[in-house]
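Fold and geometry: a report
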Protein chains: 2
Amino acid sequence: MSTTSSSDPASTGAETVLRAAASAGATVCFANPGTTEMPIVGALDAPVGVRAVLGLFEGVCTGAADGYGRMLSKPALTLLHLGPGLANGLANLHNARRARTPILNIVGDHASWHLKYDAPLTSDIESLARPVSGWYRAVAAAQNLWSDTLDGMAAAMAAPGQVATLVVPVDFQQLPAPRQARRDAVQLVTRRVDDARVSEARRVLQAGRPVVILLGDRALSERGQLAAGRIAAATGARLYSETFPARTERGGGLPDIDRLPYFPEVAIKALADCVVVLAGAIAPVAYFGYEGLPSELAPAASLLSLADPGDPADEALERLADELGAARAVAGVVRCEHSIDAGPLSPQMVGRILANALPDNAIVSVEGGTCGYPFVTASAVAARHTILTNTGGAIGQGLPVALGAAVACPDRRVFALQSDGSAQYTIQSLWTMARERLPVVMLITSNRRYAILQTELTRAGIEPGPQARRLTLLDDPPLDWASLARGYGVPAMSASTGAELHTLLGEALKHTEGPTLIEMRLN
Amino acid sequence: MSTTSSSDPASTGAETVLRAAASAGATVCFANPGTTEMPIVGALDAPVGVRAVLGLFEGVCTGAADGYGRMLSKPALTLLHLGPGLANGLANLHNARRARTPILNIVGDHASWHLKYDAPLTSDIESLARPVSGWYRAVAAAQNLWSDTLDGMAAAMAAPGQVATLVVPVDFQQLPAPRQARRDAVQLVTRRVDDARVSEARRVLQAGRPVVILLGDRALSERGQLAAGRIAAATGARLYSETFPARTERGGGLPDIDRLPYFPEVAIKALADCVVVLAGAIAPVAYFGYEGLPSELAPAASLLSLADPGDPADEALERLADELGAARAVAGVVRCEHSIDAGPLSPQMVGRILANALPDNAIVSVEGGTCGYPFVTASAVAARHTILTNTGGAIGQGLPVALGAAVACPDRRVFALQSDGSAQYTIQSLWTMARERLPVVMLITSNRRYAILQTELTRAGIEPGPQARRLTLLDDPPLDWASLARGYGVPAMSASTGAELHTLLGEALKHTEGPTLIEMRLN
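Nothing here was measured: the structure is a model prediction, and the numbers come from that model.

Turning chain A through 180 degrees and shifting it by 0.0 Å along the axis lays it on chain B, with an RMSD of 0.0 Å. Expressed as an axis order, the relation between the two copies is that of a two-fold axis.

Below, the structure is given as structure tokens:
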């Protein structure tokens, strides 16, 4: 948001894009460029203060930008090559959209005068970008580059945060494009606590009706959770976190707030006959529709919104706690070590061993149901940590998000607790972690199957025949994780027992010069 | 296109989709399914005759369908999970669209009644699909499934072939959905040779003006090339192939038809002052726009179309040769062995060694400029083979296309001549090749850089600084191809010299029970 002198000599469009983005706070660009981005690639060496991080696949770049944006609440840039390059990044942009992460995608395009010839790489970039982009613009002239880029950064950062996509034809990148002095700063609107909503929530809580407070977005900050804990202690309200929060703090004495269950029948039961106060969360709906079960997990009439995503839900909860006269401090969860079993690994044991091993202020990117739920259950008593989850269901998000979080927070240890099937969609993340010497500890749940699909086949009452069953199995051939990791320059180890995992996690934590991968072999 | 009895008992929608597709000729489904496709997964074990091939990433599935469709001129199915799953397959669908490959994508969606709740995986599938799909439909009711699927197959197969996308909500997959007897067959329109165009081309050729015939699509079949060779011999017309043909026959006595050069200045020179007769090719345009160079490689006034893509261009060329009174047979290129150098590998030497090693009727999927051009130059004197190239410029296409070609043609040896950078986008292809025991020989050009980007930086007059240069280098860490291959269950070898490559290719060809990877280390 800082502004610099407006008397720069005219620079190229490419440099202007980077300077504008940097002036609005961008310092990192996750890039997988091609021919139409070469001027921007060249301009990265101008003294604009943007660090380039190369990904071997665009989904790594967009997922990393998501992880980065969640941790720092400001946009990273991505640099992508026309429609197909953007297309490869869309799945993780879908997740980022659901996480409301600020990101500014810079997509190079053909020279403006070349587009009408429909050359091989020409495509309808807008149609591809719109479903994931809250803001989209194709630059119409080089002289707009400064203001278009600032508009894109402002759009990305507008509460609650969103994906913005700016398409920059290569000819404009090459033309002179001076900054526009009148548009030096990104102006953001600050949202305030809504007093009327706080009062309404207070009335409901004081009326003695059973209440669930569903926490999302800023309500899952330390401040939000502490305030929610006060309210719960004072009123008996039950607390739930969204099932897949973009970011949540956990452990280190915070209240143990369960995630709303994934399967609708259980979630509906958890919310039945309650007023559901939404604090930074949206109305909860079933992840998938199942015949005979409602999509809305709580009736619309039972919902009461205290704060929307992007609102200061944590302040709203604090105000509510104060108005309720709740005690200033409540006893949080006491940190303790889980007892562990040295025998064959189970998901529960993985969760406990990782919870025990977390150093202060760790970040854990969680993707995959097999070990994800047991870990979150176990981590309430761990040291304070931040959990990042898969918000949009497009799998292949956990490793890139860990990568981006590690770039964003070099002083914090980052873990990726990752299922084997989903890891494959963006496996190239390992290479960038090695290249950037990011000390990420990857824990791969190797059960050699798409366990969620086996569950869903059963739920659908389908008795799988040989072809259907084989579509859920990853055991022929089994993925050799140690070799894959070595292929990308990442040291790897394998654990089959609790004792081994405990030991290997200790060794991995000593390794601070780059990533480590631990394959956790489950049956 | 065969039809079976129309007295089947009512089956589920899922089974009806598969039966309809099978009745129109589909026998393979490249699948990466999720929850919303479980009924179709279950139905794959009904006796419908569709083989399921699992990919660990959707781009593998769509690229494989492209390779399959190019070889058999009929659609494979893909089975993809909602918008994000489709999104991961878009880049290779972009290539398939440019190749005019028949493909029918089956995309599962939320239950129709669940869509409006905007659950995490909900997205605008149509907006994502349209840029790559010549035909798109979201199924509106279970009773439409039979006819919608037949329409999709017909659209995919309509000349010249296209990508069709059918979105099937999961509730319709589960409902009873009988076939509709009146819509049992897919009707295709056969295109005919246009006599007037043939006559016009004959007049131009007989007028003695310099002529280039640009061959694409069916003109690159054996029949088309032989006819073009007769015309060239009789008239002095020069022949070029499209720069990136979807499929071309080569070697085994066919004429040596150069590809139109990639860079526009050279291509413009090649076509200057000529009448350009388009035989199954479209008007040639520059791959990228470069300041000061026209986008059109030949002036519009110099173009004469003999046959459009999808027309029987081979027949049109034969008719033209006959009308010109061209000799029935002309001497093709004589098959011979290149002399090879046992020393350090160069791209030229790779091309020659591979050309020497090709058995009869090999298929070679070529992606990457470093070794691709030298191979095509060298392969004119090789045994008869089929070359498949990257038609749309979305990289990560060569390995999946090789996979799909191997599924389509189990009796032919398939090679993938693949650059290291582009191989990474769909590296998961290796696993499916191993799983399906496909004897693909992968030759990875390991030069540890994005060579094309270094070329383009130079062309743009950019002197790269440290960040820009690092964005073109893949050497930190170097990709360890032998380990990556092992990770996916593929035996791997490494060659640094011509002697080694020659020996390893011989060994790889003896291995018929699955894929082999040879890393070719170039400086």
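Time to look at the pairing of strand β15 (residues 414–419) of chain B. Residue and element names in this part refer to chain B. Among the six residues that make up β15, six are buried, leaving the element largely enclosed by the rest of the structure. Because side chains alternate across β15, one face comprises the buried residues Val414, Ala416 and Gln418, and the other comprises Phe415, Leu417 and Ser419, equally buried. Pairing analysis gives five bridges linking strand β13 (residues 362–367) to β15, with the strands arranged parallel. In the sheet register, isoleucine 363 faces β15, and the bridge partner there is valine 414.

Attention shifts here to the packing of aromatic side chains. Taken as a whole and judged by the stated rule, the model has 15 aromatic pairs over all chains. Centroid distance Tyr425(A) to Phe57(B): 6.2 Å. Interplanar angle 75 degrees. Geometry classified as edge-to-face. Of the two residues, Tyr425(A) is situated in the loop between α15 (420–423) and α16 (429–435) and Phe57(B) in the loop between β2 (51–54) and α3 (58–72); the pairing between them involves two chains. Phe57(B) gets classed as buried once you look at its relative accessible area, which sits at 1%. Their ring planes at 80 degrees and their centres at 4.8 Å tell us that Tyr262(B) and Phe263(B) sit as a pair that is edge-to-face. An aromatic cluster is defined as three or more aromatic residues linked by ring pairs; in this entry it consists of Phe244(A), Tyr262(A), Phe263(A), Tyr287(A) and Phe288(A). Over the ring of Tyr290(B) we find Arg459(B); its NZ or CZ atom is 4.1 Å from the centre of that ring.

To continue, consider the pairing of strand β7 (residues 211–215) of chain A. All names here are of chain A. With five of five residues buried, β7 is to be regarded as a mostly interior element. Of the two faces of β7, the one lined by Val211, Ile213 and Leu215 and the one lined by Val212 and Leu214 are each fully buried. Pairing between β7 and strand β11 (residues 275–279): five bridges, direction parallel. Note on β11: the bridge partner recorded for leucine 215 is alanine 279. Two strands pair when backbone bridges link them, and β7 and strand β8 (residues 238–241) are joined in this way by four bridges, in the parallel orientation. Bridge pairing links leucine 214 to tyrosine 240 in β8. In this fold, β7 hands off to helix α9 (residues 222–235), which returns the chain to β8; that crossover is right-handed.

With that settled, consider the sheet that holds strand β12 (residues 303–307) of chain A. All names here are of chain A. Strand order in the open sheet made by the five strands is β10-β8-β7-β11-β12, with parallel pairing throughout. In this open sheet, the two edge strands, each paired with only one partner strand, are β10 (258–259) and β12. Of the strands in this sheet, β7, β11 and β12 touch helix α11 (residues 313–323), which is tilted by about 105 degrees from β12.

Moving on: the side chain of Ser123(A). Secondary-structure assignment places Ser123(A) in the loop between β4 (103–109) and α5 (125–129). In this structure Ser123(A) comes out as buried when scored by relative accessible area, which is 18%.

As a further point, take the sheet that holds strand β3 (residues 76–81) of chain B. Residues and elements named next belong to chain B. Across the sheet, which stays open at both edges, the six strands sit in the order β2-β1-β3-β4-β6-β5 with parallel pairing between neighbours. At either end of the open sheet lies a strand with only one pairing partner, and these are β2 and β5 (135–138). Sheet twist, expressed as the mean angle between neighbouring strand axes with direction ignored, is 20 degrees. Packing against the sheet, helix α4 (residues 82–99) makes contact with β3, β4 (103–109) and β6 (163–169), and its axis sits at approximately 145 degrees to β3.

With that out of the way, let us pick up the environment of Leu82(B). Note that Leu82(B) resides in helix α4. Discounting residues that sit within four places of it in the chain, Leu82(B) has contacts with Phe288(A), Thr36(B), Glu37(B), Val107(B), Gly108(B), Asp109(B), His110(B), Leu121(B) and Ile125(B).

Criteria and thresholds
- Residues numbered from 1 in each chain as written.
- Chains lettered and ligands numbered in written order.
- Predicted model: local features only at pLDDT ≥ 70, side-chain atom pairs only at ≥ 80, totals over all residues.
- Heavy atoms only, no water.
- Least-squares fit on C-alpha atoms with pLDDT ≥ 70 in both.
- Buried < 20%, exposed > 50% of the residue type's maximum accessible area, 1.4 Å probe, protein only.
- Helix = DSSP H or I, 4+ residues; strand = E, 2+ residues; numbered from the N terminus.
- Pairing = 2+ DSSP bridges.
- Phe/Tyr/Trp six-rings, centres within 6.5 Å; stacked < 30°, edge-to-face > 60°.
- Lys NZ or Arg CZ within 6 Å of the ring centre and 35° of its normal.
- Right-handed = clockwise from strand over helix to strand, strands pointing away.
- Contact = heavy atoms within 4.5 Å.
- Axes fitted to C-alpha atoms, helices over the stretch in contact; angles between N-to-C directions.

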